[in-house]
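Structure at a glance
Chain by chain, the residues:
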Amino acid sequence: MEAININDFNNHKIKESEVIKRILGGEKELYEILVRRNNQKLYRVIRGYLKDEAEIEDIMQDSYVKAFTKLYQFRLDSAFSTWLIRIGINESLARLKEKGKLYRLNEQSDNLSYTTLEIPDNRQLNPQDKMIRNEAKQILENAIDSLDIKYKTVYIMKEVEEMSLKEISIVLNLTVANVKVRLHRSKEMLKEKLYEVANNKNIFEFGFSRCDRITENVMKLTK
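Note on numbering: residues in each chain are counted from 1, in written sequence order. Only residues with pLDDT of at least 70 get local features here, since the model is predicted, and only at 80 or more are side-chain atom pairs given and counted; chain-wide, interface and lining totals rely on the full set of residues. The basis for the side-chain values is all heavy atoms of the structure; hydrogens and waters are excluded.

1. Some points on the pattern of salt bridges
In a structure, side chains of opposite charge can pair up when their charged atoms sit close to one another. Salt bridges, as used here, are contacts in which a Lys or Arg side-chain nitrogen is within 4 Å of a carboxyl oxygen on Asp or Glu. Summed over the entire model, instances satisfying the criterion amount to 13 salt bridges. The salt bridge involving K152 is made with D145; its shortest N-O contact spans 3.6 Å. What emerges from the salt-bridge pattern is a single network uniting E55, D58, R95 and E98.

2. Focus on the packing of helix α4 (residues 80-98) against helix α7 (residues 165-172)
Comment: axis = line fitted to C-alpha atoms, over the contacting stretch for helices; angle = value between 0 and 180 degrees taken between N-to-C directions. Secondary structure follows DSSP: runs of H or I at least 4 residues long count as helices, runs of E at least 2 residues long count as strands, and numbering of each begins at the N terminus. Orientation of α4 relative to α7, taken along the N-to-C sense of each, is 40°, at an axis distance of 9 Å. As far as their axial angle goes, α7 and α4 are oblique. As for how α4 packs across α7, the hand of that crossing is right-handed. Contacts between α4 and α7 involve T82, I85, R86 and I89 on the former and, on the latter, E167, I170, V171 and L172. Among the residues making up the contact of α4 with α7, the classes are represented as 5 nonpolar, 1 polar and 2 charged. Here is the rule for angles: anything less than 35 degrees is roughly parallel, anything more than 145 is roughly antiparallel, 65 through 115 is roughly perpendicular, and the remaining ranges are oblique. Each crossing is labelled by how the near helix is turned from the far one, with a counterclockwise turn of less than a right angle marking it left-handed and a clockwise turn marking it right-handed. Only heavy atoms matter for contacts: two residues are in contact if any of them lie within 4.5 Å across the pair. Gly is put with the polar residues, along with every residue not named as nonpolar or charged; the nonpolar set is Ala, Val, Leu, Ile, Met, Phe, Trp, Tyr, Cys and Pro, and the charged set is Asp, Glu, Lys and Arg.

3. Side note on α7
Turning to α7, its buried residues number three or more, namely L165, I168, S169, V171 and L172. Directly beyond the C-terminal end of α7, a positive phi value near 55° is found at N173. Residue burial is assigned from relative accessible area. The probe radius is 1.4 Å, only protein chains are included, and a residue is buried under 20% of its type maximum, exposed over 50%, and partly exposed in between.

Below, the structure is given as structure tokens:
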């Protein structure tokens with residue numbers, strides 16, 4: 001049997017089904033490959049439910065442990081990430097229930113068409129551009145955080161993790177039509193939030209020391 005290098009976890013030529021079969025066959029150390037492949041996606045999905053970083057990591061860990069102990073139940077004809085995410089969502093909802101915040105995420109609603117919110121930027125950035133980009137990223141993250149949880153989770157799964165509508169419908173136990181509705185509404189709400197920020201009359205302020213400096217320079221030059 002061909003050896004698998006743990007450091008090649010992102011090499012998707014190593015088929016997921018093969019990795020799982022070998023884990024079930026006793027090569028438990030290969031589970032690290034599945035963990036590393038799915039860390040980013042699982043983090044982002046759970047981040048849609050909870051904000052506390054320590055709590056998120058705790059739930060991620062619990063989700064991986066549960067997935068490992070039940071791995072023999074996993075059907076190899078589907079994606080491990082989809083199965084793992086469902087476990088992560090259940091763990092997140094259980095934690096929210098403990099806090100007295102129970103969310104019903106599978107309520108159906110009417111179908112709607114939807115538009116796209118895009119913030120593309122693949123340019124090489126200078127330090128000032130990077131600072132602006134980071135600030136814009138923070139504004140967008142804050143706007144996403146302000147969404148109701150059922151919209152935030154769908155937005156993160158589709159627009160950030162690029163999961164398919166079908167995958168999202170499976171993990172959330174929703175119809176594809178309802179996923180489209182939530183995606184549409186999340187984008188509309190985000191646009192409103194971002195418009196509020198853009199329409200803030202306090203942006204691009206020129207005050208305090210900058211104002212004093214320019215005023216002093218002008219007064220010197222106009223003497």
